[in-house]
Amino acid sequence: MSKKYEIMYILKPELDEEGIKAENANLQKILTDNGAKVTNVNEIGTKDLAYEIKKCKKGYYVVLQFETSDHKAVQEFDRLTRVNSNVLRFLLTVSE
């Protein structure tokens, strides 16, 4: 049985439009390569951060929804996103 997940991540504000597209595609590819199915992508855009993160006062917010029956996709996303310098923060939750 597949579980539904939601990830909200914040990209560095210095990325241009092409950089944002490339990073979004890269992050989605991590999930799809590991058996997940991306169901919805909501690009919220650039917003002020509540507090400074890695010397940035703004960030580009994206909410991604996906479903998978294999926990490997979640683990791989978590591992690769932690070392990605373009991602300021991310939060992964299980949707009901």
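Residues numbered from 1 in each chain as written. Predicted model: local features only at pLDDT ≥ 70, side-chain atom pairs only at ≥ 80, totals over all residues. Heavy atoms only, no water.

## A few points about the side chain of N34
Rules: Starting at the N terminus, helices and strands are each numbered in turn, a helix being any DSSP run of H or I of at least four residues and a strand any DSSP run of E of at least two. The cut-offs for exposure are 20% and 50% of the maximum accessible area for each residue type, with area from a 1.4 Å probe on protein chains only; residues under the lower value are buried, those over the upper are exposed, and the others partly exposed. By the criterion applied in these results, polar contacts are pairs of N or O atoms within 3.5 Å in which, for protein atoms, one can donate a hydrogen and the other can accept it, and in which residues neighboring in sequence qualify only through two side-chain atoms. Should any heavy atoms of two residues lie within 4.5 Å, those residues are considered in contact.
For N34, the position within the fold is in the loop between α1 (17-33) and β2 (37-53). Take N34: its relative accessible area is 14%, and that puts it in the buried class. Here the side chain of N34 touches I30 through a polar contact of 2.7 Å, landing on its backbone oxygen. Ignoring any residue separated from it by four or fewer positions in sequence, one finds N34 in contact with D70, K72, A73 and E76.

## Some points on the packing of α1 against helix α2 (residues 72-82)
Applicable threshold: Orientation is described by lines fitted to C-alpha atoms, with helices fitted over the stretch in contact, and by angles between N-to-C directions that extend from 0 to 180 degrees. Rotating anticlockwise by less than a right angle from the far helix to the near helix defines a left-handed crossing, while the corresponding clockwise rotation defines a right-handed one. Charged residues are taken to be Asp, Glu, Lys and Arg, nonpolar residues to be Ala, Val, Leu, Ile, Met, Phe, Trp, Tyr, Cys and Pro, and polar residues to be all remaining types, Gly included.
At a minimum axis separation of 8 Å, α1 and α2 run at an interaxial angle of 150 degrees. In this structure, α1 meets α2 at a crossing whose hand is right-handed. Contacts between α1 and α2 pair L27, I30 and L31 from the former with A73, E76, F77, L80 and T81 from the latter. Considering only residue class, the contact of α1 with α2 consists of 6 nonpolar, 1 polar and 1 charged.

## Let's talk about the packing of aromatic side chains
Worth spelling out the cut-off: Each Phe, Tyr or Trp ring, with Trp reduced to its six-membered ring, pairs with another whose centre is within 6.5 Å; inter-plane angles below 30 degrees give stacked pairs, above 60 give edge-to-face pairs, and intermediate values give tilted ones.
A full pass over the atoms with the stated rule returns 2 aromatic pairs. Pairing Y5 with F66 gives two aromatic rings, centres 5.2 Å apart and planes at 15 degrees, and the pair type is stacked. Taken together, the residues span a long stretch of sequence, with Y5 in strand β1 (residues 3-11) and F66 in strand β3 (residues 56-68) at a distance of 61 residues. Classification of Y5 as buried rests on a relative accessible area of 6%. Given a relative accessible area of 1%, F66 falls into the buried group. Taking 5.9 Å as the distance between ring centres and 85 degrees as the angle between the ring planes, the aromatic pair formed by F77 and F90 counts as edge-to-face. Here F77 is found in helix α2, whereas its partner F90 is found in strand β4 (residues 87-95), with 13 residues between them in sequence. Among the residues examined, F77 registers a relative accessible area of 0% and is labelled buried.

These figures capture arrangement, not role.
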